[in-house]
Amino acid sequence: MCGIVAYVGPKEAYPILINGLKRLEYRGYDSAGIALLNSSLNVYKAKGKVSDLEDIIKDTDLHGTIGIAHTRWATHGEPNQVNAHPHYSQSKEIALIHNGIIENYASLRKELESRGYVFESSTDTEVLTNLIEDIKINENVDLFEAVRIALNQVIGAYAIVVISRNDPDTLIAARKGSPLVIGIGTDDYYVASDATPIVEYTKNVVYLDDEEVAQIRRNNTLKIKTIRNHEKTPYVQQLELNLSALEKGGFEHFMLKEIYEQPHSIRDSMRGRLHADLGTVSLGGIIDYEQKLITAQRILVVACGTSWHAGLVGEYLIEDLARIPVEVEYASEFRYRNPVIYEHDVVIAISQSGETADTLAAIELAKSKGATILGICNVVGSSIARATHAGSYTHAGPEIGVASTKAFTAQVTLLTLLALRLAQLKGTLSKSRFLQILNELDRIPEKVEETLKTSEVVTRIATQFKDVRNFLYLGRGYNFPVALEGALKLKEISYIHAEGYPAAEMKHGPIALIDEEMPVVFIATNKGTYDKVVSNIQEVKARKGKVIAIVTKGDTIVKGMADYVIEIPETEEMLVPLLATIPLQKLSYHIAVMRGCNVDQPRNLAKSVTVE
Ligand code: F6R
């Protein structure tokens, strides 16, 4: 969602800020803005893309060595120039950028209006800007103190950066519930909502904690306080991010690059955990919680979107291999439906970004009931990773394409490792069966590599079906979550309506949709309920539906029935999701490209959904 970048130091700020905004484009946004401070404080904003902002300001004097910049994903007020950030305070002394939502903005605005403030925008952000100005004037305090006092009056989530015309050497930054990272250069500072705009300048960073305010001064001082006025010592960490991970590396889109990275990203999520030579699995991050997990009466999984689909694969895996009951919940439903949570429950929160607001809220709820919370996150140091008692990172590397691809397969890999580890501890699998699955998991990266070669048939299918209005995806058992994920991928990047169903549910409703126009994607690999799925394919063919089937290499039965088949290598039933997902990602990608869609930044979507 919204993105923040700010700079103070000896260099010209504009190139750093505009470059930073481009690095943040992947998060999803609908307007952009920048404030530069030289002899005056100037704010420039545009509806649309960062390139639109560049066009608007190309003939302006953009000189200045301190500034703040923002990409906005509209929450309060439509996406237009007025509502874009930065926002000036009434006197234009202060400018502020903000990620998050100020929940009590209406009452704060009313109070400020009664004191003569007039608002230009419909945003909660402008309210906070004027609140800071009001406190600064009435309490006669500096900007650092005014921000600190103001944030004590705020209910909601925020990551903010503030500058003042009267203090041209200082950035004030603060966070609660929305991430903010400070980069420490040799003689300068960078602030951003994630590390992507910072990594090319410095690897030394400080992650702000909730309710912390930082005063960042040009003369190399960084002071951090809590909003309750307790001084904190900045904890400097090293970024593990590499710049090459943020570039397209010769691919046309980030999504395609990330699809092709999967042999490596899956291997990276197994590295140091799967020891094929020793025949063991270890997950260091959760080692202290293994006993809790194997004695738990149930495991709850909370997640959203694609991560929820990974959770569903996890449910099948953990129940199948380790015989522990698992319930998978949409975090957004869980948090509001008064769920029964016991102290001995173990909750696993899954999130690529580690910033999803609903998942964070579900964690807080479960924590308040005394449950143990484990995280499976991709982004190191993210809010969810910090909010959980322990966890394991997926190590898929930065995912820039908005549609999740390599993060999903990394999550499934980690859940497979977890299920195997729990099975080993509980003794629910024989040694030989355990080793069989473990060795096959070890071979999965090579099989993913092989699966990625199925390009010709996928582009043929994409050409044939790129103009249809609907798609159906069907699978059973482990392949049901794959069907859901295939449908989600297609709808989010190509805007074709697609639904995923358990194949047997088809006759309870969706079968009514099937006619000669309807493409139906079956994940029909050769294990588990294969015969049943073959019957489901017959039902679709009998109604003249067009069948696209993902089959195991060498299949002849489905091949004889389907209009198109995509072959994937033979593997264990529980590992099929790691292979079958790949051609579905590619199919969505090619259809979206053929339809002229913005694959990496689909309309209305954001990479990290930091509001509910
Ligand atoms: C789909 C997609 C979303 C996310 C969802 C959760 O391609 O990316 O459905 O999976 O918003 O995000 P995380 O995993 O960051 O919590």
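Rules used in this analysis
Residues numbered from 1 in each chain as written. Predicted model: local features only at pLDDT ≥ 70, side-chain atom pairs only at ≥ 80, totals over all residues. Heavy atoms only, no water. Buried < 20%, exposed > 50% of the residue type's maximum accessible area, 1.4 Å probe, protein only. Helix = DSSP H or I, 4+ residues; strand = E, 2+ residues; numbered from the N terminus. Pairing = 2+ DSSP bridges. Near = heavy atom within 4 Å. Polar contact = N/O pair within 3.5 Å; in protein donor to acceptor, adjacent residues only side chain to side chain. Areas by Shrake-Rupley, 256 points an atom, 1.4 Å probe, with all protein chains shown as cover. Nonpolar A, V, L, I, M, F, W, Y, C, P; charged D, E, K, R; others polar. Domains from an automatic or database assignment. Axes fitted to C-alpha atoms, helices over the stretch in contact; angles between N-to-C directions. Parallel < 35°, antiparallel > 145°, perpendicular 65-115°, else oblique. Left-handed = near helix turned anticlockwise from the far one by under 90°. Contact = heavy atoms within 4.5 Å. Buried area = accessible area lost by both parts, 1.4 Å probe. Salt bridge = Lys/Arg side-chain N within 4 Å of Asp/Glu carboxyl O. Core = buried A, V, L, I, M, F, W, Y, C linked by side-chain atoms within 4.5 Å.

K.L.:
Even after reading the chapter, I still don't get the pairing of strand E20 (residues 346-351), so can you show me in this structure?
P.N.:
Note on strand geometry: in a regular strand, side chains alternate between the two faces of the sheet. Most of E20 sits inside the fold, with 6 of its 6 residues counted as buried. Across the two faces of E20 the burial is the same, with Val-346, Ile-348 and Ile-350 and Val-347, Ala-349 and Ser-351 all buried. Looking at chain direction, strand E18 (residues 299-303) and E20 are connected through 4 bridges and run parallel. Of the residues in E20, the one forming a bridge with Ile-299 is Val-346. Judged from the 6 bridges that link them, E20 and strand E21 (residues 372-377) form a sheet pairing that is parallel.

K.L.:
For this particular structure, what's the right way to read the sheet that holds strand E13 (residues 221-226)?
P.N.:
Two modes of strand pairing occur in sheets, parallel and antiparallel, and in both the strands are linked by backbone hydrogen bonds. With antiparallel pairing, 7 strands are arranged side by side in an open sheet as E5-E6-E7-E8-E12-E13-E14. Edge positions in the open sheet fall to strand E5 (87-88) and strand E14 (231-232), since each of these has one partner strand only. Examined bridge by bridge, strand E6 (residues 94-102) and strand E7 (residues 156-164) share 9 bridges and lie antiparallel to one another. Paired with Ile-94 across the two strands is Ser-164, which belongs to E7.

K.L.:
Is there a simple way to explain the site of the ligand in this structure?
P.N.:
Residues in close proximity to the ligand total 15 residues, the closest being Ser-307, Ser-351, Ser-353, Thr-356 and Glu-492. Between an oxygen atom of the ligand and a side-chain N or O atom of Thr-356, the distance comes to 2.4 Å. Within the complex, 90% of the 400 Å² of free accessible area of the ligand lies under protein. Those elements giving two or more residues to the shell around the ligand turn out to be helix H9 (305-322) and helix H16 (479-494). For the shell around the ligand, the residue count by class is 5 nonpolar, 8 polar and 2 charged. Of the domains in this structure, domain 2 (249-446) and domain 3 (453-596) are the two that each give at least three residues to the shell around the ligand.

K.L.:
Is there a simple way to explain the packing of H16 against helix H18 (residues 576-594) in this structure?
P.N.:
Closest axis-to-axis distance for the H16/H18 pair is 9 Å, and the angle between their directions is 20°. Judged by the angle between their axes, H16 and H18 are roughly parallel. For the pair H16 and H18, the crossing hand works out as right-handed. Between H16 and H18, the contacting residues are Asn-479, Val-482, Glu-485, Gly-486, Lys-489, Leu-490, Ile-493 and Ser-494 on the first element and Val-576, Pro-577, Ala-580, Thr-581, Leu-584, Gln-585, Ser-588, Tyr-589, Ile-591 and Ala-592 on the second. A breakdown of the residues in the contact of H16 with H18 according to their chemical character gives 10 nonpolar, 6 polar and 2 charged.

K.L.:
For this particular structure, what's the right way to read the domain arrangement of the protein?
P.N.:
Frequently, the measure chosen for interface size is the accessible area removed from exposure when the parts meet. Here the protein is partitioned into domain 1 (3-244), domain 2 (249-446) and domain 3 (453-596). Placing the centre of domain 2 and that of domain 3 at their C-alpha centroids yields a distance of 25 Å. It is His-309, Tyr-316 and Ile-444 that lose the most area in domain 2 upon contact with domain 3, and together they represent 21% of the buried surface on that side. At the junction of domain 2 and domain 3, the tally comes to 1 salt bridge. Residues Glu-572 and Arg-433 are paired through a salt bridge, measuring 2.8 Å at the closest nitrogen-oxygen approach. The tally of links from domain 2 across to domain 3 stands at 13 residue pairs in polar contact (both at pLDDT 80 or more). Listing elements by their share of the side of domain 2 that touches domain 3, those giving two or more residues are helix H6 (254-260), helix H7 (262-270), H9, helix H13 (406-426) and helix H14 (431-451). For the side of domain 2 that touches domain 3, the element with the highest residue contribution is H9, accounting for 10 residues.

K.L.:
Any chance you could explain the nonpolar core here in plain terms?
P.N.:
Across soluble globular proteins, nonpolar side chains have a tendency to be buried as a group. The biggest cluster of nonpolar side chains holds 90 residues, and the ones touching the most others in it are Ile-318, Leu-321, Leu-422, Leu-441, Phe-471 and Tyr-473. Residues from two domains meet in this core; each of domain 2 (249-446) and domain 3 (453-596) gives at least three. If you look at the next biggest cluster of nonpolar residues, it comprises 33 residues, including Tyr-26, Ala-32, Leu-62 and Tyr-190.

K.L.:
Just checking my understanding: could you explain the pattern of salt bridges for this structure?
P.N.:
Any two side chains of opposite charge can pair, so long as their charged atoms come close to each other. A full pass over the atoms with the stated rule returns 40 salt bridges. Note that Arg-267 is salt-bridged to Asp-442, the shortest N-O span being 2.8 Å. Highlighted residues: Arg-267 in helix H7 and Asp-442 in helix H14, separated in sequence by 175 residues. Ionic pairing is found between Asp-268 and Arg-271, a salt bridge with its closest N-O pair at 2.5 Å. Of the residues examined, Arg-271 reaches a relative accessible area of 53% and is grouped as exposed.

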